[in-house]
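Descriptive analysis of the structure
As a plain string of letters, each chain reads:
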Amino acid sequence: MTANQYDAIIIGGGHNGLVAASYLARAGKKVVVLERRPIVGGAAVTEEIFPGYKFTEFSYVVSLLRPEIIRDLELPKHGLKILPLPSTFTPMENGDYLAAWDDHDLTRRELYRHSPKDAEAYDEYARVMARAAKAIKPIINLIPPDPSSMSIRDLMGLLKVGQYAASLSEKELYMVAKLATQSSADLLEEWFETDALKGTKAASGIIGTYLGPRSPGTAYVLLHHYMGEIDGAFRAWGFAKNGSGGVSGSIYNASQALGVEVRVNASVQQVKVKGGRAVGVILENGDELDSKVVMSAADPKRTFLQFVEQKHLPDDFVTSIQNFRARGSSGKINIALSKLPNFTALPYTGNGANSVLHRGAVSISPSIDYIERAYDDAKYGQISKRPYIDMIFPSMIDPDMAPPGHHVMSCFVQYAPYDLEGGWTDQRRDELGEAVIATIEQYAPNIRECIVGMQVISPKDIERIAGITGGNIFHGELLLHQIFFLRPTPQWADFRTPLKGYYFGASGAHPGGGVMGAPGMLAAKEILKDGML
Amino acid sequence: MSHYDNIIIGAGHNGLVAAAYLAKQGKKVLVLERRSIIGGSVVTESFGDNFSVDSLHTGGTLRPDIIKDLKLASYGLQPDSAPQPFITLLADGSPLTLDVESIKRISEKDAARFPEFVRFMNKAAQIMDVTYSTIMPRLPMNFGFKEGYGLLEWALELKLAGRKDMLNFIRALPMTAQELVEEYFESDIVKAAICAVAIHGSTLGPMGAGTGYTLIHSWMNRGGLAHKNVGKAGEITTALANAVKAFGGEIRTEAEVASIKIENQIAKGVVLINGEEISANQIFSAADPKHTLLKLVGAQDLPPEFVWHTQSIKMRGSVAKIHLQTNGNHGIPEGTLVVAPSIKYLEKAYDATKYGEVSEEPYLEVTTSGNTISIHFQFAPYALKSGDWKLEIKKVEELAINSLSEYFPNLRASISNLKSLSPLDLEQTYGLTEGDLNHGQLMLDQFLFMRPIPGWSNHKTPIDNLYLCGSGVHGGGGVSGAAGRNAAKSVR
């Protein structure tokens, strides 16, 4: 083989691309990963935006990363270290707060303070959700079959889905069916009465979607976020040492140990096609690389509308990729702090180093109506005047993230619509930053005096920097008609594409986004099954 | 105490369909109706001299096989009436009929796509129709050959639809109506007019997931975009009542059921509000599931989890009706006309309901026949955050008339008589819990084997010999009669 001759080329050095490459290299294949940016990690990167302050620029918590990947690639050995996020703190509009601690009894007592009924219902709710998440989990590792196909592979796949369904009890099956279709507001209103509790829980159902908590289908997104596990502990959220860059960093280290070649500053212009097959890529600098197969870990639109000449793909397929919903709806505000903002609902003393709430997440989600109104703004192309914000203070968990005594703060904010009316400008970006600060100020009045530097990332910026078309953090919304055998499009949900030798293993494929790594792993396994290498 | 084979609670179209099928099998059948007239939601009433209107459902068509089975043609029902025009209003106020020729006026591209859209929708409606005529058994493997066979037939029908239509049908169900129409059309006015049909009677906006399903549902029930009228709504239920009687069944009006008599988890009969008791082997309730299970049965006789699920059924009516009698000089064209200028307009009209408010700029569907105008007003939520429907209904009347007058300035002066019905009236007069026309919202989590609640879509209830045959169970919603027929057929 010559220097530019590979078994497999992986486009995109995000976590999925690196996972796929590692699995292929593990099988003894010669693999190269091509990354457009000067660093690997894609949307899971840590960057020093202000000198001394490190930020996990886009994604910021870990939970969904598949345990089998951690095991197979021996990620802990390669530097993966997950630090738990012990609490969620929701300040309320009346000056009180609602907190969930990692101590179950403490949480129960806290809930009891707000509503004895909710405290009673809480355990049962948690049990039901955990059961539902466990029931749905086997689907994550299934290769979605095409129900309209009569091929043996698809029929076997359907049989597997049938077997899976039959393995559930009647109750579990209905639970899953209901959770897959209802709105998170409807789900939560059946259980609870405390607004702040419902608001905070409902927030998991809107992450990365262009939907409000009253939109049907959001309960599924909520459930998707329940599927996380850290070291086998269900529904645990953590923060990776060195941020999300620490996650992709460890996968990168693993890939290096397995002999994967990674090229940065290597932007792909086009997939080379010969005799109806993908046979390599052409880079923007004109370099050509040859391979037996090519896998894209970019979003579906770049994968199929940009990298491949349209004449190689059926018209129907192109249309359905054009129709794939990938509307970014969230922004990210990364703030460098000289001190911690002090929340009036539970003020800290001293410099706040001992503050418990700052060690966990702070959620601005006082009620379902609050989030729904934030969505109403976005629905008509506006930035939410009072957005939902999920804050964490990574420097409280990992002091290496900021200079001594100083802090970094990461604010996930929704909604910031990609299709902003009038378009995104510097001024509109400032407006988003101001909406976030003004909102936080209601609960932590000293926030402005703490700020040393602030980076505002709009969905347009996510698109520009991370290369995700539409700036959707999941590469495509987790809508009912965009999951399982419909993701990214019907008939092509098995990681293969209409172009032979071209594979698709990114968040836009089954089972979806959220730093899971599953699409990359499953795609690599399918590539190996096809025996073209 | 008199005794019957079957008692049917409610003489709406589903109750009557069930009664007719049962009577046809030779059963001794009694239908009990609360009101002094039969018809339920499918009723024609007089509110004054020459002021006779279809109070709730304007027209509708029963399933053709029901018309045939029950020989309804011999009672004057015409199964194959021509569809009415479906009209929307352009920004300048001029009407636009939704057909290829008229759409050309605003978009050549949309006109070219229209036939393919209609073809797909007809196909989807056909698949939906087969879905509704299949009784959804309990899942997963807890059903016998007969039920399994029905499911198999259904799966076969899906396969026969062809690969592309089948996948597109499945995909369309959870989609938003907006997404669905955007795959075909570019003009907002055409898209919005179709979206209006998708949200008709449902408490969701066109940007809500699952309105793809409600569009197909409405399309199936109407036979297209416009209501396909077989005549006055009351003619449907009158023909059905005649069929019931011809097969030897009895119908009693002003006979309100107070409770269902239950002994050892078995339904034995009913008790009327005047204290009269009537016994029967089987009871069919065409009332909505919440009313049937929580009021007529009562929580004390049901398993706690079942009660919890029943309480959680989403009813959420948000429709008010305003009927106008005019001197005819109103300027509104005959047929079905919608005030739905844009998708955003419809979505904003819906937004109000989320916070318990009446839409200031409502979506209206106006059915006009000569001097009589019926306005379907959305959204007027049953659960108002503040205010009382007895007073608020005046505001709704004004909003409706003002909104229409913008396009038809002569309307107000032409009005001679008016009758309006609030969501509270829908509950109190017509017995629809929370004013929900469909006995439960048509949403994906209340669809197929989850309607009315998960596991109980096969017309059965935890009470032996008590069956559900109304719109609230699978097959229901709209004027098709599928729920009533399926219920009657599920019992041997």
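Please read these numbers as outputs of a predicted model, since none were measured by experiment.

Things to note about the sheet that holds strand E14 (residues 372-378) of chain B
Residues and elements named next belong to chain B. One open sheet accounts for 7 strands, arranged E6-E5-E12-E13-E14-E11-E15; its pairing is mixed. Only two strands of the sheet have a single partner each, and these edge strands are strand E6 (95-97) and strand E15 (415-421). Put simply, the sheet's adjacent strands are angled 25 degrees from each other on average, direction ignored. One ladder, built from 7 bridges, connects strand E13 (residues 363-369) with E14; its direction is antiparallel. Looking at the pairing, Thr368 lines up with Ile373 of E14.

Quick notes on the pairing of strand E1 (residues 3-9) of chain B
Residue and element names in this part refer to chain B. Counted residue by residue, E1 has 5 buried out of 7 residues, so it is predominantly covered. For E1 and strand E10 (residues 277-285), the ladder comprises 6 bridges, and the chain directions are parallel. Following the sheet pairing, Ile7 is matched in E10 by Ile283. Note that E1 and strand E2 (residues 29-32) share 4 bridges and pair parallel. By the bridge assignment, Ile8 is partnered in E2 with Val31. Of the crossover connections in this fold, the one passing from E1 over helix H1 (residues 13-24) to the parallel E2 is right-handed.

Some remarks on the sheet that holds strand E6 (residues 88-91) of chain A
Residue and element names in this part refer to chain A. If you walk across this open sheet you meet the 7 strands as E7-E6-E16-E17-E18-E15-E19, and the pairing is mixed. The open sheet has two edge strands with one neighbour each: strand E7 (97-100) and strand E19 (451-457). Averaged over all pairs of adjacent strands, the angle between their axes in this sheet comes to 20 degrees, without regard to strand direction. As judged from the 3 bridges shared by strand E16 (residues 361-364) and strand E17 (residues 388-392), these two strands associate in the antiparallel manner. Along E17, the bridge assignment pairs Ile364 with Ile389. Packing against the sheet, helix H8 (residues 195-203) makes contact with E6, E7, E16 and E17, and its axis sits at approximately 125 degrees to E6. Of the strands in this sheet, strand E15 (330-337) and E19 are in contact with helix H17 (residues 459-466), which crosses E19 at around 80 degrees.

Considering a nonpolar patch on the surface
All names here are of chain A. Together, Met150, Leu155 and Leu158 make up a nonpolar patch on the protein surface, roughly 270 Å² of accessible area in all. Position of Met150 relative to the elements: it lies in the loop between helix H4 (116-140) and helix H5 (152-167). The exposure class of Met150 is exposed, given its relative accessible area of 59%.

Side note on the domain arrangement of chain A
One widely used convention gives an interface's size as the accessible area the parts lose upon coming together. All names here are of chain A. Assigned domains within chain A: domain 1 (5-43 + 63-81 + 241-325 + 470-530), domain 2 (116-193 + 204-236) and domain 3 (326-466). Facing 31 residues of domain 1, the contacting portion of domain 2 comprises 29 residues. Buried surface at the junction of domain 1 and domain 2, summed over both partners, amounts to about 2400 Å²; 65% is from carbon and sulfur atoms. One can count 1 salt bridge joining domain 1 with domain 2. Here Asp494 makes a salt bridge to Arg153, at a shortest N to O gap of 3.0 Å. At the boundary of domain 1 and domain 2, one finds 8 residue pairs in polar contact (both at pLDDT 80 or more). Those elements that provide at least two residues to the side of domain 1 that touches domain 2 are helix H2 (67-72) and helix H18 (518-530). Among the residues making up the side of domain 1 that touches domain 2, the classes are represented as 18 nonpolar, 5 polar and 8 charged.

Focus: the domain arrangement of chain B
Residues and elements named next belong to chain B. Each assigned domain of chain B is listed here: domain 1 (3-80 + 230-313 + 436-489), domain 2 (110-222) and domain 3 (320-428). Of note, the centres of domain 2 and domain 3, computed from C-alpha atoms alone, are 28 Å apart. The interface of domain 2 with domain 3 comprises 20 residues on the first partner and 15 residues on the second. Carbon and sulfur atoms supply 69% of the area that domain 2 and domain 3 bury against each other, a total of about 1300 Å² over both sides. Where domain 2 meets domain 3, there are 1 salt bridge. For Glu365, the salt bridge is made with Arg222, and the minimal N-O distance between the two is 2.9 Å. The interface formed by domain 2 and domain 3 includes 8 residue pairs in polar contact (both at pLDDT 80 or more). Of all the secondary-structure elements, those providing two or more residues to the side of domain 2 that touches domain 3 are helix H7 (177-182) and helix H8 (188-199).

What about the nonpolar core?
Nonpolar side chains in soluble globular proteins generally cluster together in the buried interior. Ranked by size, the top nonpolar core spans 102 residues in total, and within it A:Tyr125, A:Phe343, A:Met391, A:Met409, A:Cys411 and A:Ile440 carry the most contacts. The element best represented in this core is H4(A), accounting for 11 residues. Every residue in contact with A:Met391, bar those within four places of it in the chain, is listed here: A:Phe343, A:Gly360, A:Ala361, A:Val362, A:Ile364, A:Met409, A:Ser410, A:Cys411 and A:Ile440. If you look at the next biggest cluster of nonpolar residues, it comprises 94 residues, including B:Phe120, B:Ile127, B:Val366 and B:Phe449.

Observations concerning the pattern of salt bridges
All names here are of chain A. Using the criterion set out here, one finds 65 salt bridges over all chains in the structure. Its salt-bridge partner being Lys529, residue Glu526 comes within 2.6 Å of it at the nearest N-O pair. With Glu526 and Lys529 both in helix H18, this residue pair falls 3 residues apart, about one helical turn. Take Glu526: its relative accessible area is 2%, and that puts it in the buried class. The exposure class of Lys529 is exposed, given its relative accessible area of 59%. Three or more residues are tied together by salt bridges with common partners; here these are Arg153, Asp494, Arg496, Glu526, Lys529 and Asp530.

Here we look at the interface of chain B and chain A
The partner chain A presents 39 residues to the 42 residues of chain B that form the contact. In total, about 3700 Å² of surface goes out of reach between chain B and chain A, with carbon and sulfur atoms giving 57% of it. For the pair chain B and chain A, the number of links is 12 salt bridges. Its salt-bridge partner being B:Lys344, residue A:Glu421 comes within 3.4 Å of it at the nearest N-O pair. The interface formed by chain B and chain A contains 17 residue pairs in polar contact (both at pLDDT 80 or more). Listed by contribution, the elements that provide at least two residues to the side of chain B that touches chain A are helix H6 (163-172), H7, helix H12 (304-311) and helix H13 (343-354) of chain B. Across the side of chain B that touches chain A, the residue classes tally to 20 nonpolar, 4 polar and 18 charged.

Parameters at a glance
- Residues numbered from 1 in each chain as written.
- Chains lettered and ligands numbered in written order.
- Predicted model: local features only at pLDDT ≥ 70, side-chain atom pairs only at ≥ 80, totals over all residues.
- Heavy atoms only, no water.
- Pairing = 2+ DSSP bridges.
- Helix = DSSP H or I, 4+ residues; strand = E, 2+ residues; numbered from the N terminus.
- Axes fitted to C-alpha atoms, helices over the stretch in contact; angles between N-to-C directions.
- Buried < 20%, exposed > 50% of the residue type's maximum accessible area, 1.4 Å probe, protein only.
- Right-handed = clockwise from strand over helix to strand, strands pointing away.
- Contact = heavy atoms within 4.5 Å.
- Patch = residues over 30% accessible without salt bridge, like charges linked within 9 Å, V, L, I, M, F, W, Y side chains within 5 Å.
- Areas by Shrake-Rupley, 256 points an atom, 1.4 Å probe, with all protein chains shown as cover.
- Salt bridge = Lys/Arg side-chain N within 4 Å of Asp/Glu carboxyl O.
- Domains from an automatic or database assignment.
- Buried area = accessible area lost by both parts, 1.4 Å probe.
- Polar contact = N/O pair within 3.5 Å; in protein donor to acceptor, adjacent residues only side chain to side chain.
- Nonpolar A, V, L, I, M, F, W, Y, C, P; charged D, E, K, R; others polar.
- Core = buried A, V, L, I, M, F, W, Y, C linked by side-chain atoms within 4.5 Å.

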